[in-house]
Amino acid sequence: MIKLRSIIGACIGSPLVLLAACNLNSITDSANSIDGELITPDVIESKEGARWVYLGAVARFNDFFGRNTMGVARFTDEVSVLPDKFQDANDARINNIRPEEESYYVAGDILTRGQSTKVQLQQATQLIDKYYGSSGSAMKVHSQALLGLFYIIIADNYCSGIAISESNYGGEFIPGPALSRDSLYMRAVASADNGLSINIDSVPLNNLLKGVKARALNNLGRYKEAAEAIADVPDAFSLGEIFSFSEIRAEGVGYQPLVPIAIDKYHILNSKGLNGVIWVADSSAHQDMRIPVRTNAAGNYIYPLQPEYFSAKKMIAFFSGAEARLIEAEYHLQEGNIPQFIEKINSVRRLYKQRSGSTLPDIVDPGNHNSRVDLLFKERAYTLYLTGRRIADMRRLTSHYGREPETVWPTGKSEGAQFIMYGSNYFFVPEVQGNGSEANLNPNYNRCENYDI
């Protein structure tokens, strides 16, 4: 039997074509041998081969998700890089990337990995259709959920106008158009609806699809529809709570392991620049337990520890009941139903207390709209710390709530050896023209159509 590491290794190590993806032609056309196991066409062109390609896509998505999560953390104010490590960082919205485009932070590697993941998920689905038929429904549904998450991540974090191409099984390359952020969110909604249209007996998978749909709708400003999408997702739901990696093989559902935090590189610097969340309280007695920290031996830097993710073994759930309640809270705030807004916020705080044992007392209505918006996004920041949601929340504060960017995003001088100024952009941009497979192969690629928030 071909092993999972062989498929993954072939995808990473082979001379890939098209979208730098795990294109199945590139696997079958190249004599890849890992641990003595040959990847051949007859391996892929089989029921078991289709399953392993799918499992490889799940593993690839987990890698993409984890890298994006830390990219978001470093780009925003969640973590900072120690001064002597700054030269190795993508941290801060720095303006010294290259002279001709000094305001923009290029994050082409994350996008390329995401594109590879998307293509492999789509091609795995085609193979599942071919060799499993209706018996592969759970794998197809899970693939639709992960595809939806891919579109959300790109829309959340990148400038508008990202070109998304297709590569069908068999190698046909279809250049994709430049898509606006709203178009990407709508693709996420469509992926979720496609998955929900397939009748499977899996409450967790259906809850994940509802969460994907709700996240996309919420970022589109369609708050009522978002709240309706996850109304029956229970408080205790969390993908990481239910499945382990060994169960991916049996059940076809994945999770993202702990985000690797290198304590010799990252620390927490409150209010990076001139803005940001106060992550570290003035005393341990006042520290919000959702942001666990410790000080190094010399007492110089405060390091982030792995937060509680509302899931067993502290795995980052792709979606959770806690996030569902926060989406409902935002809907009630928009509707002016303040008692329900406060109740939803407190239900998340009680859930955290129930899971971790840490005391989070109920909060009361701060009394005016701006303070309520502040409260919502502070609760989201603490509850969803290091889950890759931060850029989307900050962009929503400016685009949907009318906040001036200078009051939301870090400004002024960054930390680090060079003490350079923060750049002026509020998102990732893809690879530069002429670099990367999309730029080289897609005539529709123009990097970004819109640099507005």
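About the thresholds
Every residue gets a number counted from 1 within its own chain, in the order that chain's sequence is written. At least 70 in pLDDT is required for a residue's local features to be given in this predicted model, at least 80 for side-chain atom pairs to be given and counted, and no such filter applies to totals for whole chains, interfaces and linings, which use all residues. In computing side-chain values, all of the structure's heavy atoms are included and hydrogens and water are not. Here a strand is any run of E in DSSP of at least two residues, a helix any run of H or I of at least four, and the numbering for each starts at the N terminus. For each residue, the accessible area found with a 1.4 Å probe, counting protein chains only, is set against the maximum for its type, and the residue is called buried under 20%, exposed over 50%, and partly exposed in between. In what follows, a contact means two residues having at least one pair of non-hydrogen atoms within 4.5 Å. Areas reported as accessible are Shrake-Rupley estimates using a 1.4 Å probe. Residue values count occlusion only from the protein chains shown. By nonpolar core we mean a set of buried residues, namely Ala, Val, Leu, Ile, Met, Phe, Trp, Tyr and Cys, connected to one another through side-chain atoms within 4.5 Å. Axes here refer to lines fitted to C-alpha atoms; in helices the fit is confined to the stretch in contact. Angles between the N-to-C directions go from 0 to 180 degrees. For classification purposes, an angle smaller than 35 degrees is called roughly parallel, one larger than 145 roughly antiparallel, one from 65 to 115 roughly perpendicular, and anything else oblique. Crossings are classed by handedness, with left-handed meaning an anticlockwise turn of the near helix from the far one by less than a right angle and right-handed meaning a clockwise turn. Lys, Arg, Asp and Glu make up the charged group, whereas Ala, Val, Leu, Ile, Met, Phe, Trp, Tyr, Cys and Pro make up the nonpolar group; the residues left over, Gly among them, are polar. Salt bridges are counted wherever a side-chain nitrogen of Lys or Arg sits within 4 Å of a carboxyl oxygen of Asp or Glu. Each residue gets a pLDDT score, which is the predictor's confidence in that residue and runs from 0 to 100. By convention in this document, the label disulfide applies to cysteine sulfur atom pairs within 2.5 Å. The length a helix should cover is 1.5 Å for every residue beyond the first. Whether two aromatic rings pair depends on their centres lying within 6.5 Å, for rings of Phe, Tyr and Trp, where Trp uses its six-membered ring; planes under 30 degrees apart make the pair stacked, over 60 edge-to-face, and the rest tilted. Only when the NZ atom of a Lys or the CZ atom of an Arg is both within 6 Å of the ring centre and within 35 degrees of the ring normal do we say a charge sits over the ring.

Caption draft 1: Geometry of the overall build of the protein. Looking only at helices and strands, the protein has 17 helices and 12 strands in total. Taking all 453 residues of the protein together, 59% fall into the buried category. A separation threshold of at least 6 residues defines the contact pool for the protein, and within that pool the share at least 24 residues apart is 71%. Surface accessibility of the protein: about 17,300 Å² in total, with carbon and sulfur atoms responsible for 50%.

Caption draft 2: Region of interest: the nonpolar core. Counting residues in hydrophobic clusters, the biggest one holds 106 residues, and the most contacted among them are F61 and W279. Of all the elements, helix α4 (residues 47-75) adds the most residues to this core, at 14 residues. Beyond its immediate stretch of four places on either side in the chain, F61 contacts T117, L146, L149, F150, I153 and F318.

Caption draft 3: View of the packing of helix α5 (residues 108-131) against helix α6 (residues 137-157). As a packed pair, α5 and α6 sit with axes 10 Å apart at the nearest point and diverge in direction by 160°. With respect to α6, the axis of α5 lies roughly antiparallel. Seen along the crossing, α5 lies across α6 with a hand that is left-handed. On α6, the residues touching L111, G114, Q115, K118, L121, Q122, T125, I128 and D129 of α5 are M139, K140, S143, L146, L147, F150, Y151 and I154. Classifying every residue of the contact of α5 with α6 by side-chain character gives 9 nonpolar, 5 polar and 3 charged.

Caption draft 4: Quick look at the packing of helix α8 (residues 203-219) against helix α12 (residues 321-335). In the contact formed by α8 and α12, the axes pass within 11 Å of each other and the chain directions differ by 30°. Comparing the axis directions of α8 and α12 gives the class roughly parallel. Of the two elements, α8 crosses α12, and the hand of that crossing is left-handed. Contacts between α8 and α12 involve A214, R215 and N218 from the first element and E323, I327 and E330 from the second. Class assignment for the residues of the contact of α8 with α12 results in 2 nonpolar, 1 polar and 3 charged.

Caption draft 5: A look at the pattern of salt bridges. Counted according to the given criterion, the structure contains 27 salt bridges. Residue K130 is joined to E45 by a salt bridge in which the shortest nitrogen-to-oxygen separation is 3.0 Å. With K130 in helix α5 and E45 in the loop between α3 (41-44) and α4, this pair connects stretches of sequence that are 85 residues apart. The residue E379 makes a salt bridge to R349 at a minimum N-O spacing of 2.9 Å. Taken as a pair, E379 in helix α14 (residues 369-383) and R349 in helix α13 (residues 338-356) lie far apart in primary sequence, 30 residues in all. Comparing E379 with R349 shows no difference in burial state: the two are buried. Several salt bridges share partner residues, and in doing so they unite D156, R215, E323 and R389 into one network.

Caption draft 6: Seen up close, the confidence of the model for the protein. In this model, the protein carries a mean pLDDT of 77, and residues with pLDDT of at least 70 account for 73%. Long-range and interchain partners of residues 86-103, a stretch whose pLDDT sits below 50, account for 57 contacts in this model, where long-range means more than four residues apart. With pLDDT under 50 throughout, residues 240-255 is counted as low confidence; its partners more than four residues away or in other chains account for 42 contacts.

Caption draft 7: Spotlight on the side chain of Q144. Relative to the assigned elements, Q144 resides in helix α6. On the basis of relative accessibility, which here comes to 14%, the residue Q144 falls in the buried class. For Q144, the contacting residues outside a window of four places in its chain are S191, N194, G195 and L209.

Caption draft 8: Expanded view of the state of the cysteines. The tally for this structure, following the rule as stated, stands at 1 disulfide. Each sulfur of the disulfide joining C159 and C448 lies 1.7 Å from the other. Residue C159 is found in the loop between α6 and β5 (162-163), and its partner C448 is found in the segment after α17 (437-441); the two are separated by 289 residues along the sequence. Per residue, the accessibility class of C159 equals that of C448, and both read buried.

Caption draft 9: Main features of α6. If you check α6, its first and last C-alpha atoms are 30 Å apart, about what 21 residues at 1.5 Å a residue would give, namely 30 Å. Among the 21 residues in α6, 19 count as buried, and that is most of the element.

Caption draft 10: Summary view of the packing of aromatic side chains. Counting across every chain of the model gives 13 aromatic pairs. Seen from their ring centres, F64 and F150 are 6.1 Å apart, and the 50° between their planes marks the pair as tilted. Residue F64 is found in helix α4, and its partner F150 is found in helix α6; the two are separated by 86 residues along the sequence. Here F64 and F150 have matching classes, each one buried. Between W279 and Y382, the aromatic rings sit 5.8 Å apart at their centres with planes inclined by 55°, giving tilted as the arrangement. You can see W279 sitting in the loop between β9 (266-267) and β10 (293-295) and its partner Y382 sitting in helix α14, a full 103 residues away along the chain. Residues W279 and Y382 agree in their burial class; the two are buried. Here the basic side chain of R51 rests over the ring of W52, its NZ or CZ set 5.5 Å away from the ring centre.

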